[in-house]
Amino acid sequence: MSKRNLEGTTSRRKFLHQCGICTGSLVLPLAWAKLAFPQQHMHMHSQEAGGSLGALPVAFRFFNPAQAAAVEAVTDQIIPADDQPGAKQAGVVHYIDLLLTGVRKDLGPAYIQGIQHLEALAHGMNGKAFVELPFADQTKVLEKLEHDQTPIAKGRNGGEFFGIMGRHTLEGFFGDPDHERSSAGWKVLGFSG
Amino acid sequence: MSGASVDAIVIGAGAGGGIVAAELAQAGLRVALLDRGRNFTVADADDNELTGSHALYNQTGVQRFGPDATEFQTFRGDPGTPASKVYADDYRFSLVGWCVGGGTVSYQGLSWRFHQKTFRLKSLYGSIPGSTVEDWPITYDDLEPYYEKAEYELGICGEASPVGPRRRKPYPMRPLDDDREAQLLFPAARRLGWKPFHPPLAVTSEEYRGRPGCIRCSYCIGYLCEVEAKSSTAVTVIPQALKTGLCTLHAQAVVREITVDGRGRPNGVIYREGNGPWNEMQAKLIVVAASAVETPRLLLSSQSKWFPTGIGNRYDQVGRHGHSDLSAAVFGYFDKVVGDGQGPGPGCALDFQFQDLNLQGGGVLYNGFSRTPLRVLYSLPRPKGMKSWGSEFKEFYRQYFWKHLRMYCGAHGLPREGNRVDLDPELKDALGMRVARVTARAHKWSAPQLEWVQGRAEQLLKEAGAKSTTRTGVALEPETPMGQHALGSCRMGSDPRSSVADRTGRIHDVPNVYVADASLITNSGGCNPCLTIQALAYRVSDNIVREWKGGGLNA
């Protein structure tokens, strides 16, 4: 449902598609890398013909394994899989991880304390870590977090932290992919750029 | 300080300033065109919602086309109340693009002429309580030749409103071909007995003066056009100005104040480029075109023994009367696909200005904007009670991404008593300049107009097959930062006690300082203001050139 095959206008876009970043089996979208490394992106942009960002390690750069698992479970709640993939399958937790090492470094403390708060809520309600809860119980914890007024970091409360995670998840899922793997969100919509 | 010297300094290279620079340079004046923002080129185009759009840029609150994250204003609804610090990602920030080309780089390009009655609201309706509305010092007929010039010089496509003002010539370009939304809306509007037409857009529908026709991509409003099909001043008149060899463009150049000589005549500016030192530049005349917030800020900051409260502020008028036209939306939900992803978006319009005797003012209605995933995600209203996450939400969004239509509803705004742009009494920016403080609410006069147009939008959507509709965005006397359509803060008028500039755009009692931006607009129309800014800029330029040739600016 789109127009993007008109001659002479797609070379830049094609280029962006061609230089997706491959590391092992996991391929992260270039747009995500731009958010993590804006300076390198600027450099790359200035020498489009043949520029490259090099390999982007798959390992988490901001989250520790437990935090990554919790945030991944949250993204799975925000956009669950059905007959089409959800945010977990699209690797959106990596998008958030890259944001927090890149252009949204400022939100790092909010995430660390927010995740602690999420875990406290989960323990309080069910005596377990968030990721260990059944899906429906995770939903209940997040419904509580969504309206939670408890201050967590820098004047932000639990509800606002949930809003930030929700927005980041939607952006990672529906934002421009520049690469096949994360076009899950676009496929859900039938959008092709 | 070292001082360059030119004939004219134009401050602000946006919708108005770019035009003035071109006109003055083509008339033989040596011009310096200064803008505090960057000079983007087509290589900066980035069709990516995360990294290329004005509003979402990098998730940081930075606006892609300026201002940067350090710039702020202060805002409050009413005089006498405390103002809060607001940054550019805050809806209370009066935002336009801060770059060469200004808002025209990233706007949607709606290019209406104001209705002739818009210039005479006070004569039509009398005094309106709580408003400071006055008739314009010029008529529509005075401005008509300049509307025409703007349409041809910039490149506007579309059709004349069948109930719009008199015009001598058609638009220079045919309308864009109908996309799926337009194909649905035109017959529906005709079945209702209405007169739909293709809205005027600053977009090329075919090759125009060396620029290619629009490729109909989805990345239009909020984006720099990747093929230069959007008729921004950055790709039209500013190149004309530079081609003369008489105009120099200074990007990332901040002006601190307008200087005054020993006889009280303005004679230049103090400015700096990039991180360089403050410099002086001298000129015979100065044109301020920095937006309806930054223009009054600069005039008020230019204090001297001759102008103790700022240039043009003898009667305390600078910054008063600021307002904007108003808008709201209606969304229609269909059980069939109604969009096809083609930009720019607006393809079918209705003009309801001055059409109903029971309604004062009125406004326009059109569909849009282009359909990209995050833009739609953040604007499409959900059914009551539905969460903004989870499987139900995913299903809703999947179902309605292509099966909804958004109608833009416009209405006249009014200058409201108490509205003001002035200098914050305490807060300064990183350069030590006092920031603008905006005090503004929308006048309640506009609410019935918006609701009336929304009613028409619902009728149209239902006729087109919508199963349901949802309204967004009308509030009575909302606090409003004047938004992206800020105007009227240095308005033109015949009485210096109630206006800042005269009918030529020259500041009352100041022989060589002109205003040529949205500040000048005496009151809004029921539609987007940009072409009126541009027609006024052509008219102001004509006045300056005539005065210049007559020797009046060579004192």
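All figures in this text were calculated on a predicted structure; none of them were measured in a lab.

Chemist: Residues and numbers for helix 6 (residues 108-126) of chain A, please.
Modeler: Residue and element names in this part refer to chain A. With 19 residues, helix 6 extends 27 Å from end C-alpha to end C-alpha; this agrees with the ideal 27 Å at 1.5 Å per step. Turning to helix 6, its buried residues are Ala110, Tyr111, Gly114, Ile115, His117, Leu118 and Ala122. Angularly, the buried residues of helix 6 cover 165 degrees about the axis, an arc narrow enough to put them on a single face. Among the structural elements, helix 4 (65-78), helix 5 (92-101), helix 7 (135-146), strand 3 (151-153), strand 4 (156-157) and helix 8 (158-174) are those in contact with the buried residues of helix 6.

Chemist: A description of the sheet that holds strand 13 (residues 420-428) of chain B should follow, citing residues and the corresponding values.
Modeler: Residue and element names in this part refer to chain B. The strand order 4-3-14-13 describes an open sheet built from four strands, whose pairing is mixed. Two strands bound the open sheet, and with one partner strand each, they are strand 4 (84-87) and strand 13. The sheet shows a mean angle of 40 degrees between the axes of neighbouring strands, taken without regard to direction. By the bridge criterion, five bridges tie strand 13 to strand 14 (residues 434-439) in an arrangement that is antiparallel. Bridged to Asp422 within strand 14 is Arg437.

Chemist: Give me the interface of chain B and chain A: which residues, what numbers.
Modeler: Counting from both sides, the interface comprises 27 residues of chain B and, opposite them, 31 residues of chain A. For the side of chain B that touches chain A, the secondary-structure elements that each account for two or more residues are helix 7 (373-379) and helix 8 (391-400) of chain B. Looking at the side of chain B that touches chain A residue by residue, the classes come out as 10 nonpolar, 10 polar and seven charged.

Chemist: Before we move on, can you summarise the confidence of the model for chain B with the specific residues and values?
Modeler: In the predicted model, chain B carries a mean pLDDT of 95, and 98% of its residues have values of at least 70. At the level of chain-chain contacts, confidence expressed as ipTM amounts to 0.89, with global pTM at 0.92.

Chemist: Lay out the nonpolar core with the relevant residues and their values.
Modeler: All names here are of chain B. Counting residues in each nonpolar core, the largest one holds 211 residues, and the members touching the most others are Ile9, Val10, Ile11, Ala21, Val31 and Val287. No other element matches the 10 residues that helix 10 (residues 530-549) contributes to this core. Those residues in contact with Ile9 that sit more than four places away from it in its chain are Ala32, Leu34, Gly268, Val269, Met281, Ala283 and Ile286.

What counts, and at which threshold
Residues numbered from 1 in each chain as written. Chains lettered and ligands numbered in written order. Predicted model: local features only at pLDDT ≥ 70, side-chain atom pairs only at ≥ 80, totals over all residues. Helix = DSSP H or I, 4+ residues; strand = E, 2+ residues; numbered from the N terminus. Expected span 1.5 Å × (residues − 1). Buried ≥ 20, exposed ≤ 12 C-beta atoms within 10 Å, placed from the backbone. Arc of directions from axis to C-beta. Contact = placed C-beta atoms within 7 Å. Pairing = 2+ DSSP bridges. Axes fitted to C-alpha atoms, helices over the stretch in contact; angles between N-to-C directions. Nonpolar A, V, L, I, M, F, W, Y, C, P; charged D, E, K, R; others polar. pLDDT = per-residue confidence, 0-100. Core = buried A, V, L, I, M, F, W, Y, C linked by C-beta atoms within 7 Å.

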